[in-house]
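Examining the three-dimensional arrangement
Chain residues, written in single-letter form:
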Amino acid sequence: MSALKTATNLTGHDDIYEGLVRLHEGLSVEQSLRRWAKLVLILANHIGDRTVVEEAIDMALLSAMLPDECRTILDWQQTD
Amino acid sequence: MANVQGIPVYKEVGATPAPTGNTDSARVVIVGAGPVGLAMALDLGRRGHAVTVLNRLDFVAHASKAICFSKRSLDILDRLGVGDPAVEKGVTWNVGKVFWGNDDDPVYQFDALPVKGQKRPGFINIQQYYIEEYLLEGCQRLANIDIRWGHRVDAVNPVDDGVELSVSTLDGDYTLRSEWLIACDGARSTVREKLGLDFEGRVFEDNFLIADVRMKHEMPSERWFWFDPPFNPGRSALMHKQPDDVWRLDFQLGWNVDREAAIRPENVKPFIRAMLGDVEFEQEWYSVYTFQCRRMGRFAHGRTIFAGDSAHLVSPFGARGCNGGLADIDNLGWKLDLVLRGAADETLIETYNDEAIATADENILNSTRSTDFLTPKSAASQALRDAVLELARDHAFARPFVNSGRLSTPVSYPASALSTPDSDEWQAGIGPGSPVLDAPHHDGWLLDAIGDEFVLLARGWKGELPAGVRLVEVQEIAADRLGLTEGGAYLVRPDQYVAARWKSPTATGIEAALIRAKGGSPCLH
Ligand SMILES: Cc1cc2nc3c(=O)[nH]c(=O)nc-3n(C[C@H](O)[C@H](O)[C@H](O)COP(=O)(O)OP(=O)(O)OC[C@H]3O[C@@H](n4cnc5c(N)ncnc54)[C@H](O)[C@@H]3O)c2cc1C
């Protein structure tokens, strides 16, 4: 079973979304990247469970891929 | 062969005459008298074997190479009888500090010896040529070690039950036939090349200026590392104290630089001035390095075995090169000894291949990660790195992400075929496939008491031991570190790794674990 919660688990989505946009106001792309990274590090530490963090990384990776690419990665992980 | 390349000399030895006649034979030949080849020779020599070492140069070179020798390497040097001079000469250190920008307070710091009460410190800094000298002196005390200086291997031919080498010397060439060949001939290994073997990996697109300088300077003996210091903006720097008032200063330069120009004194000076102000210093050695992480697919090829830089290369942030090479010979020495004495099957060497590759992979993984932190490969990884540093300044939780090099520690082999898995529940202690942790033991130290043979570390255990196993009774802190309760015992390999452990062992259990630790050979003595 997956350790990462993927069902809806929050309220106030529009507020949170707005907060994430505001995080980058007036920043260059480089500064923005750094701020994203900070946020991720803060959240990862809060989660405190490397399996959850690793599953989240995988999910982010897979969601950006075409279905074929996904399957290759999943096959590869299973043989690992 | 003599010094045609103008390599600086630390210690002249002089060429060894070629053997009379144009053929010769030996049981074990080691190619290369670098730290790894010499340590291999000393280990086998101390175990009573006749070893022949061939070295291209006829002197010990005065180069700027390894300086950080780990606790585990010191334990190995102790086992080889040359730990004391190294520690007496070396600069002992345990603490590493990482600075960012012009802040005087470190963003991160670590202790390389988290468990105190061990004979050796986390690290010493000492020029590699001193280590080579001490190993050489150890070898020279043994009549069964024959080091041939100025003998270069030019060709390698595997033959039945051994290898045939073509060797050239100033006064003629000869053929040397050997039952076993250990290739310790460094990163550009002739043996590897002549056998057409692979050496895969990656090169990091970065250059580092290493300036070894002689000067009077006060600083605690610690490893100091900077990200983005004012004296090398946007890049990193490292400072280490060595014996003889020599300091290693290391400046990240970036990829597109003129390497020859970078080491000209007039170009190095501004770096040093910017870092240390108006100090008096003398140039010891300037060089520019590009780093690589590579390894061979296999380290054992029949009767030809690779160890040290010939088998694997790492980037130096983490000091895993020479320390990794010494781990190789530590693993191989006792195994080859058993095979040469007919006390174990040749297949035991296959476990060297497995365990040394596990070590190399862990070293490569760690040094690759450090290098990626130091030299981010994309805008996003640069942002991530900088985010870690920014957070680390104010928040302790971010500090463990700071990676300026994860320093060399011994590697465990949890899956080793030589280990007997635990049959009891253990809450503490050292698992099979890991090295014994040192501890005070009577008036001395536990690792010294273990030495270099199979031992049973026991707490109040009475029983009959299999032949070839020595009993070492442990109490108090040593027993506590092993998690040993009354009646329990550990079987320890000659490289001080745990083979098996029991809460209340039986003689047959110990015997079975011993057979397994020797590769399951039926021909036990
Ligand atoms: C700048 C720098 C800093 C480093 N810092 C550290 C550190 O702090 N800690 C650490 O652990 N490691 C460090 N290393 C790595 C370390 O120097 C090497 O891992 C180490 O030298 C490897 O030893 P070796 O015996 O395997 O090979 P080498 O030292 O390269 O020795 C090989 C020997 O083989 C001989 N040889 C070669 N070809 C032939 C031939 N055809 N016939 C006969 N003889 C031959 C050579 O003459 C040489 O003597 C550093 C390296 C560099 C470059």
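Residues numbered from 1 in each chain as written. Chains lettered and ligands numbered in written order. Predicted model: local features only at pLDDT ≥ 70, side-chain atom pairs only at ≥ 80, totals over all residues. Heavy atoms only, no water.

This part takes up the interface of chain B and chain A. You'll often see interface size given as the accessible area lost when the parts meet. Between chain B and chain A, the contact holds 11 residues from the first and 8 residues from the second. Note on chain B versus chain A: buried area summed over both sides is about 930 Å², and carbon and sulfur give 77% of it. If you sort the residues of chain B by the area they bury against chain A, E390(B), L391(B) and F397(B) come out on top, with a joint share of 45%. One salt bridge in this structure joins D386(B) and R34(A), with 3.6 Å as the shortest N-O distance. Viewed at the interface, chain A and chain B are joined by 2 residue pairs in polar contact (both at pLDDT 80 or more). Classifying every residue of the side of chain B that touches chain A by side-chain character gives 9 nonpolar, no polar and 2 charged. (Contact = heavy atoms within 4.5 Å. Buried area = accessible area lost by both parts, 1.4 Å probe. Salt bridge = Lys/Arg side-chain N within 4 Å of Asp/Glu carboxyl O. Polar contact = N/O pair within 3.5 Å; in protein donor to acceptor, adjacent residues only side chain to side chain. Nonpolar A, V, L, I, M, F, W, Y, C, P; charged D, E, K, R; others polar.)

Let us look at the packing of helix α1 (residues 35-46) of chain B against helix α8 (residues 321-340) of chain B. Residue and element names in this part refer to chain B. Relative orientation of the contacting elements α1 and α8 amounts to 25 degrees, with a least axis distance of 9 Å. When the axes of α1 and α8 are compared, the pair comes out roughly parallel. When you trace α1 past α8, the crossing you get is right-handed. Residues P35, V36, A39, M40, D43 and L44 of α1 form the contact with α8, whose own contacting residues are C322, G325, L326, I329, L332, G333, L336 and D337. (Axes fitted to C-alpha atoms, helices over the stretch in contact; angles between N-to-C directions. Helix = DSSP H or I, 4+ residues; strand = E, 2+ residues; numbered from the N terminus. Parallel < 35°, antiparallel > 145°, perpendicular 65-115°, else oblique. Left-handed = near helix turned anticlockwise from the far one by under 90°.)

We now examine the site of the ligand. Residues and elements named next belong to chain B. For the ligand, the set of nearby residues contains 32 residues, the closest of which are Q128, T190, D309, C322 and N323. At a separation of 3.5 Å, an oxygen atom of the ligand approaches a polar backbone atom of P35. Protein coverage of the free-state accessible area of the ligand, which is 1,000 Å², stands at 89%. Those elements giving two or more residues to the shell around the ligand turn out to be α1, β3 (51-55), β11 (152-159) and α8. With 3 residues, α8 is the single largest residue contributor to the shell around the ligand. Residues that form the shell around the ligand fall into these classes: 15 nonpolar, 11 polar and 6 charged. (Near = heavy atom within 4 Å. Areas by Shrake-Rupley, 256 points an atom, 1.4 Å probe, with all protein chains shown as cover.)

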